[in-house]
Amino acid sequence: QAKLNGRNQFHLFDAEQDQQLRTHHNQRARIRQALQQGEMRLYFQPKVNMRQGRITGMEALLRWQHPEQGIVGPLHFLPLIEHTDLIIDVGDWVLQQAMEQLRAWTGLHADWVISVNIAARHFQCKDFVERLRTILAAYPDIAPERLEIEILESAAIQDIQHVRDVMLACQQIGVSFALDDFGTGYSSLSYLKRLPADTLKIDQSFVRDMLEDKDDLAVISAVIGLARAFNRVVIAEGVETPEHGAALLRLGCELAQGYGIARPMPAGQVEAWADSYVAPQIWGHGKDLEWE
Ligand code: C2E
Ligand code: MG
Ligand code: MG
Ligand code: MG
């Protein structure tokens, strides 16, 4: 009797798992279709130099303009494909769109850098550098220095020798690198010494509570110190208020990104936003600076 139950349970579990696999398979097929049918969009979130009150560039963030569900964020669909080769097609599309956008912004904003998030599987595929070269070659008028690749700190250390080689090869071409969500991975000094990343991007989880939480503040000062010691650029993400920015400035971090500056927006809204952007007074900008 027990044996029979066991079997039944096994079958039940099996069927459930089977169902789930089928669903995932269908979802992946739908995501592929979305890419092919032009339902993917890039939104852009500004990065600013708080000391200079200047826009330095934009991070490209993927959105799915779903015909029934509206705008779907990347965390709702990228996890379903990030361990399949589909993530490579999506990533190549994002890179190509970023180049297209750089070309569109060249007239007015020739100094902006676009940052693109690249998944570990894509970055680690054998021909990543060749694929990147091919994409860049289609835009001979756009300097590769205007493209930055963000990879998760946690992904960068998976195969550090390979990641190091790929980074160096890309940097040879002119493309720069940021370690995204920095502080949430291993952040070991020996990894950082071996990884030639240009920029450390402080994870938003530390920024959020930095004004109340001494430990988060300590992590942030440590990362800023690390960046200085290793001669890397440092940027903070998740800057939700001018006060967060001011605290970061005091600690020596001049670059910031976050809802307090701007939310990610469609490409068509970026120019108008940039034209009207004025950095807050608390960073030493704004119209009336009598208090200085
Ligand atoms: P990320 O690269 O760390 O990007 C930051 C995320 O935080 C974005 O979410 C952004 O909208 C959000 N964010 C920005 N400022 C603030 C803030 O002040 N407060 C809060 N609470 N959130 C803020 P999003 O667009 O949903 O993207 C989530 C993650 O998905 C990204 O994290 C990135 O890892 C991944 N992702 C986005 N686009 C792509 C892509 O094209 N390719 C790949 N492989 N991954 C992508
Ligand atoms: Mg990012
Ligand atoms: Mg991040
Ligand atoms: Mg993140």
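Structural notes, computed from the coordinates. None of the values given here were measured: they were computed from a predicted structure.

Analysis parameters
Numbering of residues starts from 1 in every chain and runs along the sequence as written. In the order they appear in the text, chains get letters beginning with A and ligands get numbers beginning with 1. Two thresholds apply to this predicted model, a pLDDT of at least 70 for residue-level local features and 80 or more for giving and counting side-chain atom pairs, whereas whole-chain, interface and lining totals are computed over all residues. Computation of side-chain values: all heavy atoms of the structure, hydrogens and water removed. Working definition: residue near molecule or strand if any one of its non-hydrogen atoms lies within 4 Å of it. Identification of polar contacts relies on pairs of N or O atoms within 3.5 Å, with a donor-acceptor requirement for protein atoms, meaning one able to donate a hydrogen and the other able to accept it, and with residues adjacent in sequence counted only if both atoms are side-chain atoms. A cavity, in this analysis, means grid points on a 1 Å lattice covering only the protein atoms where a 1.4 Å probe fits yet has no way out; a pocket is instead an open set bounded by protein on both sides within 12 Å along at least five of seven lines, and a residue lines either one if it has an atom within 4 Å of a point. A cavity or pocket is said to hold a molecule if more than half of that molecule's atoms lie within 2 Å of its grid points. Helix and strand definitions here come from DSSP, where helices need a minimum of 4 consecutive H or I residues and strands a minimum of 2 consecutive E residues; each element is numbered from the N-terminal end. The residue classification treats Ala, Val, Leu, Ile, Met, Phe, Trp, Tyr, Cys and Pro as nonpolar and Asp, Glu, Lys and Arg as charged. All others, Gly included, are polar. Note on definitions: salt bridges are taken to be side-chain nitrogens of Lys or Arg within 4 Å of carboxyl oxygens of Asp or Glu. For every residue, the accessible area obtained with a 1.4 Å probe (protein chains only) is divided by the maximum for its type, and the residue is called buried under 20%, exposed over 50%, and partly exposed between those limits.

### Some details on the site of ligand 1
Around ligand 1, 22 residues are found, and the nearest of them are Arg 63, Asn 117, Asp 180, Glu 240 and Tyr 259. Gln 45 places a side-chain nitrogen or oxygen 3.0 Å from a nitrogen atom of ligand 1. Here an oxygen atom of ligand 1 and a side-chain polar atom of Arg 63 are 2.8 Å apart. Among the cavities detected, the one that contains ligand 1 is the largest pocket. The set of elements that each furnish at least two residues to the shell around ligand 1 consists of strand E2 (54–66) and strand E6 (176–182). Counting residues per element, the shell around ligand 1 draws most heavily on E2, at four residues. Here the shell around ligand 1 is built from residues that sort into 10 nonpolar, five polar and seven charged.

### A closer look at the pattern of salt bridges
As enumerated under the stated definition, the model contains 13 salt bridges in all. Residue Glu 148 pairs with Lys 47 through a salt bridge whose shortest N-O separation is 3.2 Å. With Glu 148 in strand E5 (residues 147–152) and Lys 47 in strand E1 (residues 40–49), this pair connects stretches of sequence that are 101 residues apart. By relative accessible area, which is 6% here, Lys 47 ends up buried. Here Asp 111 ties to Arg 54 by a salt bridge, and the two come within 3.5 Å at their closest N and O atoms. Of the two residues, Asp 111 is situated in the loop between helix H3 (86–105) and strand E4 (113–117) and Arg 54 in strand E2; the sequence distance between them amounts to 57 residues. On the accessibility criterion, Arg 54 (36% relative accessible area) is partly exposed. Within this structure, Lys 47, Glu 59, Glu 148, Glu 150 and Lys 201 form a network of salt bridges that share partners.

The quantities given are spatial measurements derived from coordinates; they are silent on function.
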